[in-house]
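Working through the structure, step by step
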Amino acid sequence: MYLLKLGGSVITQKDKMCTLRKDVLSRLVREIAEVMRKDRELIIVHGAGSFGHLRAKKAGVHLGLRDLDGEEKRIHERILAMAHVQADVRRLNLSVCEQLENVGVPCFSIAPASVGLMRGGRLVHFDMEAFRHSLGLGMVPVSFGDVLLDESMGFSICSGDQILLELAREFHPEKVIFLSDVDGIYDRDPKTHGDARLLPHLTPSDIEELSLSGKEGDVTGAMYGKMGEAVEMAKTGARVIFLNGLVEGRLPRFFEDEDSVPHTTLEEAR
Ligand code: ATP
Ligand code: IP8
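This one's a predicted model, so the numbers in the text were calculated from it and none came from an experiment.

With respect to the nonpolar core
- In this structure, Leu167, Met227 and Leu266 are the most contacted members of the largest nonpolar core, which totals 38 residues.
- At the level of secondary structure, the elements contributing two or more residues to this core comprise β2 (42-46), β5 (122-126), α6 (129-136), α7 (160-171), β9 (175-180), α8 (222-235) and β11 (239-244).
- Those residues in contact with Leu266 that sit more than four places away from it in its chain are Leu202, Thr203, Pro204, Ile207, Met227, Ala230, Val231, Ala234, Ala238, Arg239, Val240 and Phe242.

Here we look at the site of ligand 2
- Near ligand 2 there are 15 residues, and of these Lys5, Ala48, His53, Gly160 and Thr220 occur at the shortest range.
- Note that an oxygen atom of ligand 2 is positioned 3.4 Å from one of the side-chain N or O atoms of Lys5.
- The separation between an oxygen atom of ligand 2 and a polar main-chain atom of Gly160 is 2.8 Å.
- Considering ligand 2 on its own, with 320 Å² of exposed area, one finds that the protein chains cover 96% of that surface.
- Judged by the proximity of its atoms to the pocket grid, ligand 2 belongs to the largest pocket.
- For the shell around ligand 2, the elements supplying multiple residues, two or more each, are α4 (72-102) and β8 (154-158).
- Along the lines of polarity and charge, the residues of the shell around ligand 2 split into six nonpolar, seven polar and two charged.

Cut-offs applied
Residues numbered from 1 in each chain as written. Chains lettered and ligands numbered in written order. Predicted model: local features only at pLDDT ≥ 70, side-chain atom pairs only at ≥ 80, totals over all residues. Heavy atoms only, no water. Core = buried A, V, L, I, M, F, W, Y, C linked by side-chain atoms within 4.5 Å. Buried < 20%, exposed > 50% of the residue type's maximum accessible area, 1.4 Å probe, protein only. Helix = DSSP H or I, 4+ residues; strand = E, 2+ residues; numbered from the N terminus. Contact = heavy atoms within 4.5 Å. Near = heavy atom within 4 Å. Polar contact = N/O pair within 3.5 Å; in protein donor to acceptor, adjacent residues only side chain to side chain. Areas by Shrake-Rupley, 256 points an atom, 1.4 Å probe, with all protein chains shown as cover. 1 Å grid on protein atoms, 1.4 Å probe; cavity = no way out; pocket = protein on both sides within 12 Å on 5 of 7 lines; lining within 4 Å. Sits in = over half its atoms within 2 Å of the grid points. Nonpolar A, V, L, I, M, F, W, Y, C, P; charged D, E, K, R; others polar.

Structure (structure tokens):
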């Protein structure tokens, strides 16, 4: 069993509101179909990219009903923005599923908001039945970063990465593969540091040494948030792999011969 994260930085243009990278997505789904031909069991989770983060951040959707001083108008606006973000990520999910179906991958869309509940921004309930049953039919469950009801904040944002962690704990995949717009994990952000070094192998204890931007960045903590979840995935026994999804062929080549493509492996022990 494999878990695959299609990063928001890969399938969308992250700085342009609700902009799908159609060409990248249609190439990636063909590559996924190729990988699936070997009867591999797969669950896909995708990020929200510009279908989630931009509006959520602007309207404070990640704060739920906090910081509104009981003002009715502001409460109403925040709830409306939440509904809007939810509709946008569903539109993105529909595009991903349509593309997968076009290449013959039978996918089963699972909206986290319908099967999960949060408290203080962390999942406290996530029903796995739909994942289990659709896998049983030979389908590929496709889930995504979403806005969920939250027992303490009203609602909050659940990253695709947090969902992957729940799935890793439940299904004990051999590998969790993250596709993003860079070759793997570097000692510092490669987009802002030309001399950043790609780190081929990491263990959870190495993570504290890294410079990971995003703690204050997007509404789910960008790379900083992602590595926190990834470390917990590694602790379930999975090998967590970071690959560049913008480069054609990296995903299928990784399955054929891991050493032939640049990547980072994070695992509990070397
Ligand atoms: P989403 O969570 O929306 O699905 P994603 O999974 O595609 O997005 P991002 O949260 O955008 O991933 O994180 C990828 C970005 O993290 C890269 O574009 C890179 O610029 C940035 N980054 C920051 N620090 C590092 C680092 N040390 N190593 C690698 N990338 C880093
Ligand atoms: O892109 C974020 O999920 P992510 C979900 O996986 C929303 O971090 C709604 C912004």
